[in-house]
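Below, each chain spelled out in residue letters.
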Amino acid sequence: MQNMNQAQQKNLNTDNNISKTGYRALFLLKKLLESPKTRQEILECFEQDVVINSDLSKDTVTNTINALKKAGCDISRPSSRTKNKYVLKSHPFSVRLSQTNVDTLLALRESIATLGDWKLLINLNNFYSKISKLAPDIESQKKLLFDHPLKNINYDILNKILINARLKKHIIVCYDSPENGQEELYFTPDFITLENKKLYVWGFNKKYNIFSYLRVDRIKRINFMNFLGSNPEVEDFEKPALVAKYKLKGYSALMYQLEEDERIIEETPDCEYKYTIEAIVNNDFNFLQRILSYGSDCLLLSPDKLKLQLLENVKKMKEQYTDD
């Protein structure tokens, strides 16, 4: 019985259940992945391992290196150029992206960019930057790194905007306006949106006394900051409370997605117009662009100010197609 117990314990010994040659090869691969090593450094690593240290000989390192080479590893011989170290140049166990994988990832990012979720897009870009090294070629790697709508964003400026928006801080920005060129703007950022693959910061523009947006990639620098109320020349602001109402029908009603500043005040599935929607309008131009995108599926009910602006826009559009 005692002999049987001893035999069972021997069979349960982990040394008897693994291939030491395979174990040494995987162990050395792990160490060379960490950094190139001399023969002496490899021996020291072997001596510290409980499985390998009992089975060392003067040829152990050479035999293990040869085993890795037979498995497909490219390991350079020690030389004065490598400071007498073995260097793992490549191995067959690395993960690689195929061109199909890259195309799928790019299509996924393109789809997400249309959703307006800029935080998700930034997180995705950060993930792509980590896996770009697995791309099959330099061109694919560049696409993963740079082929996205936010490639021209200065993230140091973006971070400052986010901090100031959270703290309700007034800032002065240097903005490259397409109409006025570079100008200094007293601006209080409120929130950020991603529309038509462009990043916008919304807030109160004191110079023009309006709640409007700036394209983030056109903000060249933030020159000065101070807390609201600490400077008597800087006044606090409130978002304008212009309320609009409109109706939707047809395909636009079917595909309608509720915006942050909107609510459905009436739903009539059996009528021509399915939804009646109430919207808080922060910017007239941006709101009217959305109304126009619905085409004949939309009926703007109020306010009269926006109805007149919409009518004027439609008249100007019609004039473009009217013969003299």
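Heads up: the structure comes first, above all this text.
In this text, all values refer to a predicted model and were calculated from it rather than measured experimentally.

Residues Tyr-251, Leu-254 and Met-255 make up a contiguous nonpolar surface patch of roughly 380 Å² in combined accessible area. Mapped onto the elements of the fold, Tyr-251 is located in helix H9 (residues 250-254). Judged by its relative accessible area of 58%, Tyr-251 is exposed.

Attention now moves to the pattern of salt bridges. One pass over the full model with this rule turns up nine salt bridges. The residue Lys-197 makes a salt bridge to Glu-110 at a minimum N-O spacing of 2.0 Å. Here the residue Lys-197 occupies a position in the loop between strand S4 (181-195) and strand S5 (198-205), and Glu-110 occupies one in helix H5 (residues 99-113), the gap between them amounting to 87 residues. By relative accessible area, which is 29% here, Lys-197 ends up partly exposed. Residues Lys-160 and Asp-156 are paired through a salt bridge, measuring 3.7 Å at the closest nitrogen-oxygen approach. Of this pair, Lys-160 and Asp-156 both sit in helix H8 (residues 155-167), four residues apart, which is roughly one turn of that helix. With relative accessibility at 31%, the residue Lys-160 sits in the partly exposed group. Residue Asp-156 is classed as partly exposed on the basis of its relative accessible area of 48%. Three or more residues are tied together by salt bridges with common partners; here these are Glu-259, Glu-262 and Arg-290.

On to the nonpolar core, then. In terms of nonpolar packing, the biggest core is built from 22 residues, with Ile-161, Val-173, Leu-199, Val-201, Leu-214 and Ile-219 touching the most fellow members. Sorting the residues of this core by element identifies helix H6 (118-131), H8, strand S3 (169-177), S4, S5 and strand S7 (219-227) as the ones contributing at least two each. Element by element, the count of residues in this core is highest for S4, at four residues. Each of domain 2 (99-146) and domain 3 (155-224) contributes no fewer than three residues to this core. Contacts of Val-201, omitting those with residues within four sequence positions, involve Ile-161, Phe-187, Pro-189, Phe-191, Ile-192, Ser-212, Tyr-213, Leu-214, Val-216 and Ile-219. Formed by 17 residues, the second largest nonpolar core is a distinct cluster that contains Ala-244, Tyr-256, Leu-288 and Tyr-294.

On to the side chain of Thr-38, then. Counting through the fold element by element, Thr-38 comes out in the loop between helix H2 (20-34) and helix H3 (39-47). Ignoring anything within four residues of it in the chain, the contact list for Thr-38 reads Lys-83, Asn-84 and Lys-85.

It is worth spelling out the pairing of S5 at this point. Within S5, seven of the eight residues are buried, which leaves the element mostly enclosed by the surrounding structure. For S4 and S5, the ladder comprises eight bridges, and the chain directions are antiparallel. Across the sheet, the residue bridging to Pro-189 is Gly-203, located in S5. What sits between the antiparallel neighbours S4 and S5 is a turn of two residues, in which Asn-196 has the positive phi angle 50°. Where S5 meets strand S6 (residues 210-215), six bridges bridge the pair, whose relative direction is antiparallel. Its bridge partner being in S6, Gly-203 is matched across the sheet by Ser-212. The turn linking S5 back onto S6 is made up of four residues, and Asn-209 within it adopts a positive phi angle of 55°.

Overall, the coordinates contain eleven aromatic pairs when judged by the stated rule. Geometrically, the ring pair formed by Tyr-23 and Phe-27 is stacked, given 6.3 Å between the ring centres and 20° between the ring planes. Here the residue Tyr-23 and the residue Phe-27 both occupy positions in helix H2, the gap between them amounting to four residues, near one helical turn. One aromatic cluster is present, formed by Phe-191, Tyr-200, Trp-202, Phe-211 and Tyr-213 through successive ring pairs.

Owing to its 3.6 residues per turn, the α-helix aligns residues three or four sequence positions apart on the same side. Residues of helix H10 (residues 284-293) that are buried include every one of Phe-287, Leu-288 and Ile-291, and no others. For H10, the buried positions fall inside an angular range of 95° around the axis, keeping them on one side. Those residues of H10 that are exposed and angled more than 90 degrees off the buried face are Phe-285 and Ser-293. Contacts from the buried residues of H10 go to strand S8 (242-249), strand S10 (273-281), strand S11 (298-302) and helix H11 (304-320). Looking at the residues trailing H10, positive phi occurs at Gly-295, about 60°.

Okay, unusual backbone geometry next. With an omega of 5°, the peptide bond between Ser-302 and Pro-303 qualifies as cis. With respect to the helices, strands and loops of the structure, Pro-303 is situated in the loop between S11 and H11. Although it is not a glycine, Lys-83 adopts a positive phi angle of roughly 60°. Inspection of the secondary structure assignment puts Lys-83 in the loop between strand S1 (74-76) and strand S2 (87-90). Owing to a relative accessible area of 65%, Lys-83 belongs among the exposed residues under this scheme. Look at Asn-209: it is not a glycine, yet its phi comes out positive at around 55°. Secondary-structure assignment places Asn-209 in the loop between S5 and S6. A relative accessible area of 59% places Asn-209 in the exposed class.

What counts, and at which threshold
- Residues numbered from 1 in each chain as written.
- Predicted model: local features only at pLDDT ≥ 70, side-chain atom pairs only at ≥ 80, totals over all residues.
- Heavy atoms only, no water.
- Patch = residues over 30% accessible without salt bridge, like charges linked within 9 Å, V, L, I, M, F, W, Y side chains within 5 Å.
- Areas by Shrake-Rupley, 256 points an atom, 1.4 Å probe, with all protein chains shown as cover.
- Salt bridge = Lys/Arg side-chain N within 4 Å of Asp/Glu carboxyl O.
- Helix = DSSP H or I, 4+ residues; strand = E, 2+ residues; numbered from the N terminus.
- Buried < 20%, exposed > 50% of the residue type's maximum accessible area, 1.4 Å probe, protein only.
- Core = buried A, V, L, I, M, F, W, Y, C linked by side-chain atoms within 4.5 Å.
- Domains from an automatic or database assignment.
- Contact = heavy atoms within 4.5 Å.
- Pairing = 2+ DSSP bridges.
- Phe/Tyr/Trp six-rings, centres within 6.5 Å; stacked < 30°, edge-to-face > 60°.
- Arc of directions from axis to C-beta.

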